[in-house]
Amino acid sequence: MKKTKKLITLALALFISVQLAPLTGLAISGSAAQTGSDATLTAYANQDIPEDVSTEEPKNLPADTPTYTPTYTPTYTPVPTPTLQSVVIDGWVSDDRNIKKSGFEVRAFPENNLTGVINAVTGADGHFSLSFKTGGRYNIQIKKSNSSYLEREYTLDLYGHYNLGSPSEPEQMYAGDLPVKDKYGNVRADGVINLADVVEIAKSFNKIKGETGYENIKDINGDETINIADVIALSKVFNVSKSNIRRSVILMGDCINGIDSNSSYIIEDTSINLNGKRLDIKGSLSFRSTASLNDLGSSLNLNGGQMYINGRFEFGQPLFNDKLIMTNKNDYLKIGGDCVFSTNASHAGLLTAGILELEGNLTVNDQAATKAFYASDSHKIYFTGSDAQFVHLGQTEPAKNNRLNIMVCLNPLSSYTIFPEKSYNNYVNISESIYKRSFNNVNGVHIPTGNYLKTCIDFDGLKRTYNSMNNVKGSFGDNWTFNFDESRIRNLNQQPSYQNALEITFPDGSTQDFLDKGNGNYIALDNFSDLKLVNGVFELTTKDNVKYSFDTNKVLCRISDEQGNSTDVSSDGSKKVITVNKNGLTKKYTIIYENGKIKSISDSVKTINYEYDPENGKLMNVIDPSTDMVTYKYNVNGLMDRIYTSDKLIETIGYYEPTPDGIYKVYFTVDQNEKVVAYEYPEQGKTNVWDVKDGIIVKTTSYYYNKFFDIKRVEVVDNQY
């Protein structure tokens, strides 16, 4: 007894003399295990007796003959077979000194996998590979038999191809989980590095290899002496257990976490690097650390990737240094519910680029650190909720100094509650710009909005476009635009919902918005282009390295690409010349204007003339000597409703009565073959398209879309009536 007390006292003295340096832990798991549904057996009692069955008591039965009782076979309901998910894992393992790498045993236990346990062993470089299919959650264990290495244990809901660790930063195995005798007399490791392991080292303290009492398993640092250095090595990982060791996950392909969109999933004590890939979280997600073993915490680095969280997102918790890293302009994080920030880590310098799209509310825990949510540079937060959204950045402002950078909103600022007020750097409402961009490259009815568009190419690269919802008076009259006249920079400051923003329209009709930071610096709000002001000329370079130049009047004057192709635009008011140099060939177009409208366009081969209705000024006839004349007719509301070629009707467009905000949506179209298509807009985010034959709807196609008019789902029902 005295000897035991003396050893414990020595162990405590050694341990207290060491500065404990905590480390972090790990675990990815779901909220609940997969459950199946067994067929329920129903008790049949008090059944009605059929009329043709005798009810008399049986006679002359032996005393030991049991009375027959009919049994009833219940209807069998098969248990659905879960869909198997593919998992491919490459991993790298090393001891904490990056010396011992081979011989670590890796085992995977997939759920609902008929092949059973998957085994692997690390090679000389510490590498292992696993590949299997699973119907749900799975476990991975990494250990080395007959050693003191603390076993690693992972519980995961992650499917796809990813790495655990990397060759340069392998998953570390920590020595020091020594076998000890438990209260039942069993000698085994307890799965945690703690004081019991320090006591075991103390029993062989100052023993040298070769001496009686020296045990290799207790020589933690491998210097062939059991001394204070081994205690120091243990102190660095004190209280680390097999369930909270910090781990590193690097996506090598698009991955999915979870199966059930209604469940909540947990990712703990983990560094995740999206590595330019996509990660879908099927339900809600809690991302956090569980043990403050060092200052690293858990980290979520988008690194050019996209992450979609179906539901609520809870990030970090007070006292833990968890980090969300968005520093790449391609970073995109979409949260379908509320977002709660509770980290102890400052995010100054961590939220500098990319887009965080939020459909719910944003709350920063009052116990979180100073600058726990602090966005800057080009980082944007998109608010796209269907209901009113609020932002709560803490009650101790300005001490906490939490801040949004650029708020990009679908609705006016008055639709949002922000506390503290004005705790953002810039605010932009881009609903109009998004609405306009949604019409790009559509020829016919734009299904989400009911807008009618008609794009015509009279010469290569020169487009005129009719837009029933665009009230612009363009170069071809009302509702018509000409791509090289519309390609300009528009200052949006005149609109109350914009602050210091520019909208750039391209020749194809698409637009991009930029925030003016002053001194010739601009930040892209909804794109990945770069805009600079050089000697009075705006130069915009797209991610494909196409450069658009706009003159001092903010009008397009040149387009060039990496291959040396270019388009130059010059104008003297009544005439515009467009010179296209492509693949060593040069084409020149001359455009003549009259009363602000295009009268003719000519190249070296032909001239196309444009005639306008003398009463209303709308484009009426397009006369091309190489083809039939095209004629446009308009209804009493000024909307195009008929198109003719050489007096033959080729298309008819009908419209609903205007909405309360004055929008005319397409009701039906009829083509030259008398095919009828009708459109219904029953609710926000849904359009029904009906194929009609002989007055009967023969097919219904339902389109579902988001607030940006992006179609997300299509349902088709044939022969509905």
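Rules of the game
Residues numbered from 1 in each chain as written. Predicted model: local features only at pLDDT ≥ 70, side-chain atom pairs only at ≥ 80, totals over all residues. Heavy atoms only, no water. Helix = DSSP H or I, 4+ residues; strand = E, 2+ residues; numbered from the N terminus. Contact = heavy atoms within 4.5 Å. Areas by Shrake-Rupley, 256 points an atom, 1.4 Å probe, with all protein chains shown as cover. Pairing = 2+ DSSP bridges. Axes fitted to C-alpha atoms, helices over the stretch in contact; angles between N-to-C directions. Polar contact = N/O pair within 3.5 Å; in protein donor to acceptor, adjacent residues only side chain to side chain. Patch = residues over 30% accessible without salt bridge, like charges linked within 9 Å, V, L, I, M, F, W, Y side chains within 5 Å. Salt bridge = Lys/Arg side-chain N within 4 Å of Asp/Glu carboxyl O. Phe/Tyr/Trp six-rings, centres within 6.5 Å; stacked < 30°, edge-to-face > 60°. Lys NZ or Arg CZ within 6 Å of the ring centre and 35° of its normal.

Quick question: what am I supposed to make of the overall build of the chain here?
When its secondary structure is counted, the chain shows five helices and 58 strands. Long-range contacts, defined as pairs at least 24 residues apart, comprise 52% of the intrachain contacts of the chain with a sequence gap of at least 6. Accessible area for the chain stands at about 36,600 Å²; split by element, carbon and sulfur atoms hold 48% of it.

Help me understand the sheet that holds strand β3 (residues 105-110) in this model?
Pairing is antiparallel in the open sheet, where four strands are placed in the order β4-β3-β6-β7. The strands lining the two open edges of the sheet, one partner per strand, are β4 (118-121) and β7 (152-156). Neighbouring strand axes in the sheet, compared pairwise and without regard to direction, differ in orientation by 15 degrees on average. Two strands pair when backbone bridges link them, and β3 and strand β6 (residues 138-143) are joined in this way by six bridges, in the antiparallel orientation. Bridge pairing in β6 places Ala108 opposite Ile140.

What's the story with the sheet that holds strand β33 (residues 462-467) in this structure? I'm lost.
Paired through their backbone hydrogen bonds, the strands of a sheet run either parallel or antiparallel. One open sheet accounts for four strands, arranged β31-β32-β33-β36; its pairing is antiparallel. In the strand order of this sheet, the two ends are held by β31 (444-446) and β36 (480-482), each with one partner. The sheet shows a mean angle of 30 degrees between the axes of neighbouring strands, direction not considered. Where strand β32 (residues 451-459) lies against β33, six bridges are found, and the strand directions are antiparallel. When the bridges of β33 are listed, Cys456 appears paired with Arg464.

Sorry, what's going on with the environment of Ser145 here?
Tracing the backbone through its elements, the reader meets Ser145 in the loop between β6 and β7. For Ser145 and Gly103, which are 42 residues apart along the polypeptide, the C-alpha to C-alpha distance reads 9.1 Å. Looking at Ser145, its side chain comes within polar contact range of the side chain of Glu105, at 2.9 Å.

What am I meant to see in a nonpolar patch on the surface here?
A grouping of Ile711, Val714 and Val716 is seen on the molecular surface, where their side chains present a nonpolar patch of about 240 Å² in accessible area. Structurally, Val714 is set in strand β58 (residues 711-718).

Looking at this structure, how should I read the packing of aromatic side chains?
Note on aromatic pairs: each is described by the distance of the centres and the angle between the planes. Applying the stated rule across the entire model yields 21 aromatic pairs. Among the aromatic side chains, those forming a connected cluster through ring pairs are Phe287, Phe313, Phe315, Phe341 and Phe373. The aromatic ring of Tyr308 is capped on one face by Arg278, whose charged end is 3.9 Å from the ring centroid. Sitting over the ring of Tyr704, Arg713 keeps its end group 4.0 Å from the ring centre.

Which parts of the structure should I look at to understand unusual backbone geometry?
Negative phi values dominate among residues other than glycine, just as trans dominates among peptide bonds. Omega for the bond connecting Phe419 with Pro420 falls within 30 degrees of zero, at -5 degrees, which places this linkage in the cis form. Note on placement: Pro420 falls in the loop between β29 (416-419) and β30 (424-429). In the Ramachandran plot, Asn303 falls in the positive-phi region, its phi being about 45 degrees despite a non-glycine side chain. Relative to the elements of secondary structure, Asn303 occurs in the loop between β18 (299-301) and β19 (306-309). One non-glycine residue with positive phi stands out, namely Asn583, at about 55 degrees. Structurally, Asn583 is set in the loop between β46 (575-582) and β47 (585-594).

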